[in-house]
Amino acid sequence: MTDHSFIQVRTLHRHFQMGTEIVHALDGVDVAIEQGDFMGIVGPSGSGKSTLLYLIGGLDQPTSGEIWVDGTDIAALDENGLAQYRQKSIGFIFQSFNLIPTMTALQNVEFPMLFARVSPSERTARATKLLEMVGLGDRIHHKPTELSGGQQQRVSIARSLVNNPAIVLADEPTGNLDSKSGGEVINILQRLNREEQRTIIMVTHDQSLLAATTRHIQILDGRILADVRGSYEQAN
Ligand code: ADP
Ligand code: MG
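Residues numbered from 1 in each chain as written. Chains lettered and ligands numbered in written order. Predicted model: local features only at pLDDT ≥ 70, side-chain atom pairs only at ≥ 80, totals over all residues. Heavy atoms only, no water.

Caption draft 1: A look at the site of ligand 1. Taken together, the neighbourhood of ligand 1 is formed by Phe 16, Met 18, Val 23, Ala 25, Pro 44, Ser 45, Gly 46, Ser 47, Gly 48, Lys 49, Ser 50 and Thr 51. Between ligand 1 and Thr 51, the relevant distance is 2.6 Å, taken from an oxygen atom to a side-chain nitrogen or oxygen of the residue. Notes on ligand 1: free accessible area 560 Å², of which the protein chains cover 62%. At the level of elements, strand E1 (7-18), strand E2 (21-33) and helix H1 (49-56) are the ones that each hand at least two residues to the shell around ligand 1. The greatest single-element share of the shell around ligand 1, amounting to three residues, is contributed by H1. When the residues that make up the shell around ligand 1 are grouped by side-chain class, the tally is five nonpolar, six polar and one charged. (Near = heavy atom within 4 Å. Polar contact = N/O pair within 3.5 Å; in protein donor to acceptor, adjacent residues only side chain to side chain. Areas by Shrake-Rupley, 256 points an atom, 1.4 Å probe, with all protein chains shown as cover. Helix = DSSP H or I, 4+ residues; strand = E, 2+ residues; numbered from the N terminus. Nonpolar A, V, L, I, M, F, W, Y, C, P; charged D, E, K, R; others polar.)

Dropping the structure here:
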């Protein structure tokens, strides 16, 4: 490493072979992200936003390039190394919540700890505390179908935090929510950033949400068009 950014993405390419065509989902991305950034990623559908997020989260591997996170190039890790990296360092929040429908809110939040060697009583204590933190202390025994969309997304935020990740990645976290529930989700993400110093990277279509971020990048056709400090309002 030649500098000391927390996350340093270098000349990142992700190509997909589709029949005889090659799709350049990422076409040479360079970006540095500091600890404590709340970074938005905006751009039209198909521009490569999710691909970049998944690569930083170790859910996918690049065609070429480097992804340095806290001193390790995760692009060079094997499947085992990536699994450890995800468990230790990353929380994921998806647009569609991805909760397990047969499990209660509490069981959903406990679930990732099953693989992290946490004792059952500690699992329950930690999951309960996180569900209280997202305002669902009175809903811990409800199943996803018994919760609103906004409540389900707050369960998924609690789940993303159980292994105490330094980095939280959110892919259109308010995309399936009304504006009030979406606002609550953004407020929680902002709290995680400001009060707990977690690094947050959030893909969004909604320019108004950028007011909650500390910076954002714009992506088009797999390339970064702009890297903007401060909120959207300030930038424009
Ligand atoms: P965004 O999140 O900005 O909408 P994506 O990162 O999902 O865009 O996709 C970027 C481009 O890569 C799109 O053209 C998409 O069709 C393509 N792509 C993404 N994932 C795959 C895949 N697994 N196989 C083939 N093409 C893919
Ligand atoms: Mg996407």
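Caption draft 2: Inspection of the nonpolar core at higher detail. Core analysis: the biggest nonpolar cluster contains 33 residues, and Leu 131, Val 155, Ile 157 and Leu 189 have the highest contact counts within it. Per-element accounting of this core gives the leading share, five residues, to helix H6 (residues 179-194). Leu 53, Ile 56, Ile 74 and Val 203 belong to the second largest nonpolar core, which has 28 residues in total. (Core = buried A, V, L, I, M, F, W, Y, C linked by side-chain atoms within 4.5 Å. Buried < 20%, exposed > 50% of the residue type's maximum accessible area, 1.4 Å probe, protein only.)

Caption draft 3: Broad picture of the packing of helix H5 (residues 149-160) against H6. Where H5 contacts H6, the two axes come as close as 9 Å, and the packing angle between them is 20°. Comparing their axes, H6 and H5 come out roughly parallel. The way H5 lies across H6 gives a crossing that is right-handed. Residues Gly 150, Gln 153, Arg 154 and Ile 157 of H5 touch H6, and the partners they reach there are Ser 181, Glu 184, Val 185, Ile 188, Leu 189 and Leu 192. Residues belonging to the contact of H5 with H6 are distributed by class as follows: five nonpolar, three polar and two charged. (Axes fitted to C-alpha atoms, helices over the stretch in contact; angles between N-to-C directions. Parallel < 35°, antiparallel > 145°, perpendicular 65-115°, else oblique. Left-handed = near helix turned anticlockwise from the far one by under 90°. Contact = heavy atoms within 4.5 Å.)

Caption draft 4: Quick peek at the pairing of strand E9 (residues 215-220). Of the strand pairs in this sheet, strand E3 (residues 38-42) and E9 are connected by four bridges, and their pairing is parallel. What sits directly across from Ile 41, in E9, is Ile 217. Pairing geometry for E9 and strand E10 (residues 223-229), over six bridges, is antiparallel. Within the sheet, the bridge partner assigned to Gln 218 lies in E10 and is Ala 226. In this antiparallel pair of consecutive strands, E9 and E10, the connection spans two residues, and Asp 221 shows a positive phi of 50°. (Pairing = 2+ DSSP bridges.)

Caption draft 5: Highlighting a nonpolar patch on the surface. On the surface, Phe 111, Leu 114 and Phe 115 cluster together to form a nonpolar patch covering roughly 290 Å² of accessible area. Residue placement: Leu 114 occurs in the loop between helix H3 (105-110) and helix H4 (120-133). With a relative accessible area of 44%, Leu 114 lands in the partly exposed category. (Patch = residues over 30% accessible without salt bridge, like charges linked within 9 Å, V, L, I, M, F, W, Y side chains within 5 Å. Salt bridge = Lys/Arg side-chain N within 4 Å of Asp/Glu carboxyl O.)

Caption draft 6: Just the packing of aromatic side chains, in detail. On inspection of all chains with the given rule, the structure shows three aromatic pairs. The rings of Tyr 54, Phe 92 and Phe 94 are connected pair by pair, giving a single aromatic cluster. (Phe/Tyr/Trp six-rings, centres within 6.5 Å; stacked < 30°, edge-to-face > 60°.)

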